[in-house]
Amino acid sequence: MNKRIDTVLFDLDGTLINTNELIISSFMHVMDHYYPGEYSREDVLQFMGPPLIESFQALNPEKTDEMVNFYRAYNQKVHDELVTPFEGVDETVKELHKRGIKMAIVSTKRHEMVLRGLKLMKLDQYFDVVIGLDDVEHAKPHPEPLNKALKALGSTADQAIMIGDNHHDIEGGHNAGTRTAGVAWTSKGKEHLAAYKPDFMLEEMSDLLNIIEESGS
């Protein structure tokens, strides 16, 4: 029998806040500079999810740091105008908070940029625990970020669920022993995410409320 879910770990980008345009635009900015004409918007979707350093290392080990910095400078400049809310997120997070559900962000983005996105969407008040890329040795799908968040919340994996839009999130949940949910609005497409066998697929964020309600039975 499953324990009742009292803890939700959220990925941020593409899950709680719509950073798809920001990320695609930032990658295109880099690619147009370093590889003019070689990459389309479709081509850069593959880079969404993993830490930046991994994506650029695979492309160009010599220039990895330079490319990361080039990406970040542009990303920070256009961040606030390109990030938009996802429907139903604000209401659902508020309701979870009201019900006393423990919540954390577990992201492959740097801590300060996670906070910036949360503040912009006025979600920062609901998250006391934020685990960013620079808070851990190993990024998702390694269980370390999830374990660190659970520990900070005083929770255990068997009471928690990891929500995300990328296979790293689902695999991270499997590795840490939490339940997992994919989001149908992932930029990679629902089928891609379903292949990693999440326990649930959220068609809309409010589905999460029902999953938690039914989790203890």
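Computed from a predicted structure; not experimentally measured.

Novice: Got a minute to help me understand the sheet that holds strand 1 (residues 7–10) in this structure?
Specialist: Strand pairing in a sheet is mediated by backbone hydrogen bonds. Such pairs are either parallel or antiparallel. Read from one edge to the other, the open sheet built from six strands follows the order 5-4-1-6-7-8, with strand pairing classed as parallel. Whereas interior strands pair on both sides, the edge strands pair on one side only; in this sheet they are strand 5 (129–131) and strand 8 (200–202). Adjacent strand axes in the sheet meet at a mean angle of 25°, parallel and antiparallel pairs treated alike. Summarising the sheet, strand 1 and strand 4 (residues 102–106) pair through four bridges and their orientation is parallel. Directly across from Thr7, in strand 4, lies its bridge partner Lys102. With respect to the sheet, helix 8 (residues 167–176) is in contact with strand 6 (160–164) and strand 7 (179–183), its orientation differing from that of strand 7 by roughly 175°. On the sheet, helix 10 (residues 207–214) packs against strand 1, strand 6 and strand 8 and is oriented at approximately 150° with respect to strand 8.

Novice: When you look at helix 6 (residues 111–120) in this model, what are you seeing that I'm missing?
Specialist: Structurally, the α-helix is built with 3.6 residues per turn, so residues lying three or four positions apart point the same way. Residues of helix 6 that are buried: Met113, Val114, Gly117 and Leu118. In a view along the axis of helix 6, the buried residues occupy a sector of 140°, so they form one face of it. Backbone geometry just downstream of helix 6 places Lys122 in the positive-phi region, at approximately 60°.

Novice: When you look at the packing of helix 3 (residues 52–59) against helix 4 (residues 64–82) in this model, what are you seeing that I'm missing?
Specialist: Between two packed helices, both the angle of their axes relative to each other and the distance between the axes serve to describe the pair. For the pair helix 3 and helix 4, interaxial distance at closest approach is 9 Å and the crossing angle is 130°. Taken together, helix 3 and helix 4 sit at an angle that is classed as oblique. Regarding helix 3 and helix 4, the two cross each other, and that crossing is right-handed. Residues Leu52, Ile53, Phe56, Gln57 and Leu59 of helix 3 form the contact with helix 4, whose own contacting residues are Thr64, Asp65, Met67, Val68, Tyr71 and Arg72. Along the lines of polarity and charge, the residues of the contact of helix 3 with helix 4 split into seven nonpolar, two polar and two charged.

Novice: Even after reading the chapter, I still don't get the pairing of strand 4, so can you show me in this structure?
Specialist: In regular strands, side chains alternate between the two faces of the sheet. With four of its five residues buried, strand 4 lies for the most part within the structure. As paired strands, strand 4 and strand 5 are joined by three bridges and run parallel to one another. Counterpart to Ile105 in the pairing with strand 5 is Val130.

Novice: Is there a simple way to explain the nonpolar core in this structure?
Specialist: Within the largest apolar cluster, 35 residues are counted, with the highest numbers of intra-cluster contacts made by Phe10, Leu16, Phe127 and Leu208. Mapped onto this core, the elements with two or more residues apiece are strand 1, helix 4, helix 5 (89–98), strand 4, helix 6, strand 6, strand 7 and helix 10. Ranked by residue count, the leading element in this core is helix 10, at four residues. With 18 residues, the next largest nonpolar core counts Val44, Met48, Phe56 and Met67 among its residues.

Novice: I would appreciate a short explanation of helix 3 in the present structure.
Specialist: Buried within helix 3 we find Leu52, Ser55 and Phe56. The buried residues of helix 3 occupy one face: seen down the axis, they fall within an arc of 90°. Summarising the contacts, the buried residues of helix 3 are in contact with helix 1 (20–34) and helix 4.

Novice: What is the right way to read empty space enclosed by the protein from this model?
Specialist: Where empty space is left becomes clear once a probe the size of a water molecule has been rolled over the atoms. Enumeration according to the criterion identifies one cavity of 30 Å³ or more in this entry. Taken as a whole, the largest cavity spans an internal volume of roughly 430 Å³. If you go around the largest cavity, you meet 31 residues; those closest to its centre are Asp13, Ile23, Tyr71, Thr108 and Lys109. For the lining of the largest cavity, a count of residues per class yields 11 nonpolar, 11 polar and nine charged.

Novice: Where do I start with the packing of aromatic side chains in this structure?
Specialist: For any pair of aromatic rings, the description rests on two quantities: the centre-to-centre distance and the angle between the ring planes. On inspection of all chains with the given rule, the structure shows nine aromatic pairs. Taken together, a centroid distance of 6.1 Å and an interplanar angle of 50° make the contact between Tyr39 and Phe47 tilted. Its relative accessible area of 8% is what places Phe47 among the buried residues. One aromatic cluster is present, formed by Phe27, Tyr35, Tyr39, Phe47, Phe56 and Tyr71 through successive ring pairs.

Novice: What am I meant to see in the pairing of strand 6 here?
Specialist: Among the five residues of strand 6, five are classified as buried, and the element is accordingly described as predominantly covered. Alternating residues of strand 6 divide into Ala160, Met162 and Gly164 and Ile161 and Ile163, and every residue in both groups is buried. Looking at chain direction, strand 1 and strand 6 are connected through four bridges and run parallel. Residue pairing in the sheet places Phe10 in a bridge with Ile163 of strand 6. Between the parallel elements strand 6 and strand 7, the chain passes through helix 8 in a crossover that is right-handed.

Conventions used here
- Residues numbered from 1 in each chain as written.
- Predicted model: local features only at pLDDT ≥ 70, side-chain atom pairs only at ≥ 80, totals over all residues.
- Heavy atoms only, no water.
- Pairing = 2+ DSSP bridges.
- Helix = DSSP H or I, 4+ residues; strand = E, 2+ residues; numbered from the N terminus.
- Axes fitted to C-alpha atoms, helices over the stretch in contact; angles between N-to-C directions.
- Contact = heavy atoms within 4.5 Å.
- Buried < 20%, exposed > 50% of the residue type's maximum accessible area, 1.4 Å probe, protein only.
- Arc of directions from axis to C-beta.
- Parallel < 35°, antiparallel > 145°, perpendicular 65-115°, else oblique.
- Left-handed = near helix turned anticlockwise from the far one by under 90°.
- Nonpolar A, V, L, I, M, F, W, Y, C, P; charged D, E, K, R; others polar.
- Core = buried A, V, L, I, M, F, W, Y, C linked by side-chain atoms within 4.5 Å.
- 1 Å grid on protein atoms, 1.4 Å probe; cavity = no way out; pocket = protein on both sides within 12 Å on 5 of 7 lines; lining within 4 Å.
- Points joined across faces, edges and corners; volume = space filled by probe spheres on them.
- Phe/Tyr/Trp six-rings, centres within 6.5 Å; stacked < 30°, edge-to-face > 60°.
- Right-handed = clockwise from strand over helix to strand, strands pointing away.

The values are spatial; any link to function lies outside them.
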